[in-house]
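Here's the letter readout for the chains.
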Amino acid sequence: MGIVKTIRPYHQPAGGWGALKAMGEALVEQHVAVSGMATLAHMNQPGGFDCPGCAWPDPQHTSPFEYCENGAKAVAWEATAKRCTPEFLAAHTVTDLEEWNDFELEMVGRLTHPMRYDERSDTYVPVSWEEAFATIARHLNALPDPNMAEFYTSGRTSNEAAFLYQLFAREYGTNNFPDCSNMCHEATSVGLPQSIGVGKGTVLLEDFDKADAIFIFGQNPGTNSPRMMTSLRDAARRGATIMSFNPFRERALERFQAPQNPVEMATLTSTPISSRLFQVRVGGDVAVIKGMMKWLVEADRLALREDGARVLDWDFIRGHTAGIEALVADLDATRWDDIERRSGLSRDDIECAARAYASSERAILAFGMGLTQHRHGAQNVQQLANLALLRGNIGREGAGICPVRGHSNVQGDRTVGITEVPSPALLDALAARFGFEPPRAHGHNVVTALDAMLRGEARVFIGMGGNFAAAIPDWGATQAALRRLDLTVQVSTKLNRSHLVHGREALILPCLGRTELDRQAGGAQAVTVEDSMSMVHASKGMNPPASEHLMSEPAIVAGIARATLGARSKVGWERLVCDYALIRDDIEAVFPIFEGYNARIARPGGFHLASPARERIWATPSGKANLLVCEGLCEDPAMTDPEALWLTSVRSHDQYNTTLYSLSDRYRGVYGQRDVLFLNPAEMERRGLAADDRVDIVTVAEDGAERRVRAFRVVPHAFPDGACAAYYPEMNPLVPLAAHDPQSFTPSYKAVPVRLEKRTSAGGGR
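Quick caveat: nothing in here was measured; it's all calculated off a predicted structure. (Residues numbered from 1 in each chain as written. Predicted model: local features only at pLDDT ≥ 70, side-chain atom pairs only at ≥ 80, totals over all residues. Heavy atoms only, no water.)

Asks: Can you help me understand the pattern of salt bridges in this one?
Replies: Pairing between side chains becomes possible if they bear opposite charge and their charged atoms approach one another. One pass over the full model with this rule turns up 59 salt bridges. Here Arg342 makes a salt bridge to Glu635, at a shortest N to O gap of 3.5 Å. Within this pair, whereas Arg342 is found in helix H17 (residues 336–343), its partner Glu635 is found in the loop between strand S24 (625–626) and strand S25 (645–650), the two being separated by 293 residues in sequence. A relative accessible area of 8% places Arg342 in the buried class. When the shortest N-O distance is used, the salt bridge between Asp696 and Arg708 registers 3.0 Å. One end of the pair, Asp696, is in strand S30 (residues 694–699); the other, Arg708, is in strand S31 (residues 708–716), and 12 residues separate them in sequence. Arg708 sits in the buried class, given a relative accessible area of 16%. In this structure, a network of salt bridges that share partners links the residues Arg335, Asp337, Asp338, Arg341, Arg342 and Glu635. (Salt bridge = Lys/Arg side-chain N within 4 Å of Asp/Glu carboxyl O. Helix = DSSP H or I, 4+ residues; strand = E, 2+ residues; numbered from the N terminus. Buried < 20%, exposed > 50% of the residue type's maximum accessible area, 1.4 Å probe, protein only.)

Asks: Any chance you could explain the layout of surface pockets here in plain terms?
Replies: Think of a ball as big as a water molecule: rolled over the atoms, this probe shows where empty space is left. Of the volumes computed, that of the largest pocket is approximately 1,000 Å³. In terms of lining residues, the largest pocket is bounded by 36 residues, among which Gly199, Lys200, Arg414, Thr415 and Thr419 are the most central. Counting residues per element, the ones that place at least two in the lining of the largest pocket are helix H9 (186–196), helix H21 (410–415) and helix H22 (424–434). Take the lining of the largest pocket: its biggest share by element is four residues, from H9. In the lining of the largest pocket, the residues fall into 16 nonpolar, 15 polar and five charged. If you add up the space inside the second largest pocket, you get close to 730 Å³. Every residue lining the second largest pocket is counted, 36 residues in all, and those nearest its centre are Phe65, Glu66, Arg227, Thr230 and Gln260. Counting only elements with at least two residues in the lining of the second largest pocket, the list comes to strand S2 (14–15), helix H1 (16–29) and helix H11 (228–237). (1 Å grid on protein atoms, 1.4 Å probe; cavity = no way out; pocket = protein on both sides within 12 Å on 5 of 7 lines; lining within 4 Å. Points joined across faces, edges and corners; volume = space filled by probe spheres on them. Nonpolar A, V, L, I, M, F, W, Y, C, P; charged D, E, K, R; others polar.)

Asks: Looking at this model, I keep getting lost on the nonpolar core. Mind explaining?
Replies: Nonpolar side chains in soluble globular proteins generally cluster together in the buried interior. Among the nonpolar cores identified, the biggest contains 58 residues, and Leu140, Phe151, Phe163 and Phe168 are the most heavily contacted of them. The element that contributes the greatest number of residues to this core is helix H8 (residues 159–172), accounting for eight residues. What Phe151 contacts, discounting residues up to four positions off in sequence, is Leu140, Tyr165, Phe168, Ala169, Tyr172, Thr174, Asn176, Phe177, Pro178 and Ile462. (Core = buried A, V, L, I, M, F, W, Y, C linked by side-chain atoms within 4.5 Å. Contact = heavy atoms within 4.5 Å.)

Asks: Mind showing me how you'd approach unusual backbone geometry here?
Replies: Generally, phi is negative for residues other than glycine and the peptide bonds are trans, each holding for most cases. With an omega dihedral of 5°, the bond running from Tyr728 to Pro729 counts as a cis peptide bond. The residue Pro729 is located in the loop between strand S32 (723–727) and strand S33 (752–758) in this model. Of note, Asp122 is a non-glycine position whose phi angle comes to about 60°, a positive value. Note on placement: Asp122 falls in the loop between strand S5 (115–118) and strand S6 (123–126). Its identity is not glycine, yet Ser534 carries a phi of approximately 65°, on the positive side. Take Ser534: its relative accessible area is 3%, and that puts it in the buried class.

Structure, rendered in structure tokens:
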């Protein structure tokens, strides 16, 4: 596509003129330079639409430009003037399209018609909505067991669509809900309830204005949630301590130039963000956190002996927690030498961070997938909760634990029932409201769904958004399993890899985007979403739909349900789709936390779903928050080769989840390419490698399967010893399906043991 492949350092701050230039280029590339700006004026505004990108919350008082560079790219990507028409799909076989990269596929444009795969021509051909729904119904009703169907959900799906989706699947007879959260923050959803009784964060956006200190673990806000940078910039400028823990020295955590600030833009100045940035070794987060807690305990003892001010909040610990004795004993037994070796940081560095934490009255502990996507992800999260609890930093203004979620409604989907492990209370409420008996057995998450496909026990897959085939681990086995299914259905806005990795029969069902007007029989409709901080608000599109043949996600779910369940359904699907307020009435009836749902979303900014832990109410069996012991330092038995490296996957700056806005990564100095491997110069020298050498990356595993990606370009980069990094999802073929957290089943995308094989030529491929 004429893109020059170069590696050149980027010396500018994050944000600033570089962000404005990139935003403008994205709008021009999608042929919406003028209309795109008009659309952006409605994003994250009262009465407008919610950003289709990240889940960072909106401030109480929005500015005229309440969006970031990557949010603007997401809008340009969705509101593009480009179209993926039946004529385009007729001219390109699936076999041909498989050779296109993911960026090229999505840049074709918006899907315009429902399509079905035609095996004879190896192309997708138009199909009517009625025939598409009938095809799905035929396959679902032919299954001998409803549990042979998998119902996947993307975090873009609205509360209304997600609620109808789980309602249909449960009336059909299964709790199989593999969800995108299984692959990102499931370790949070599983780990935190054991600690504090709720699987969500405990802070609100305004807490960032009151915090004395902010500690950021495994999160790159400048790329994954850029609007967070406004809060961090404001905190830094008023003197709050910000400390970051990440294998990369992420540019936005170093310095940031606010595009909305005319002084910084005019003077080309920027704001330093992190007081310290610690490059923790891949997989070393528990060691860092335990090291900080160990210092706190030792300093507290010293204060007790010297009759000084205590370091631990003993009133809070005695009144609100259980398990302090076992935790202290574990910390005492943990050696500093082991902490330093595993973390990659010196004792002085860890003590510096601990002293800053101890000296702050109000501290926020924020984290991202750098903590969750490990074999011990739930334990990572629980140890961070311990750190918060030792100082009473939960249930206090300006303090708390803050999981930074990814997609815009990944948290909301869970809240309204997308879960493979439904509580008896949820199932009882559904039975009472709708008059059918939902299944009680637990269903499949992503990993167990893929296991079922590999065993031939799953036969139908329906994806409500997302790009499942690219997001999953262990492509060699799992994509082959997808191809053996009887039917795959993708509800999508644009062409992606999942349309090419399909079952024997396949359907593409094009849906409305977040920016588009959703008009049903009852008039123009709004949907709702829940952000990272449990604020629920309305989203109403305003652009004309990309095609007259698009349907909304709620309407698609209702169409599938009517065709599949017919007269035996207890749900009035047609009535609900006419007026989404009726769906919200049902959500309120099933989930009492949504009391007054329709009235409350009419207020600008929406409403907050209360977190019991924020009120120091602990919804645990003991009624207290639990200080949980993690034995050892999460040494990973998968690392059996002393010459191997830990590979971690990262997103580029021009990327959101599996969506690529370009093939470049501005802040890391990579342009026009993604087949790169970041490695520090010392590790390069040890392996006889030089910049621009090509290597194969091979998983170190004992299951006999070869997992290899070929001909990746070595790029020198400041990175911890014993580790390397490359882009997601290109690294997913290297992640064994068995490499996941045993508690949450989150795949270990952030820590894969690999070896490098130098190539004598640059040939090869994926």
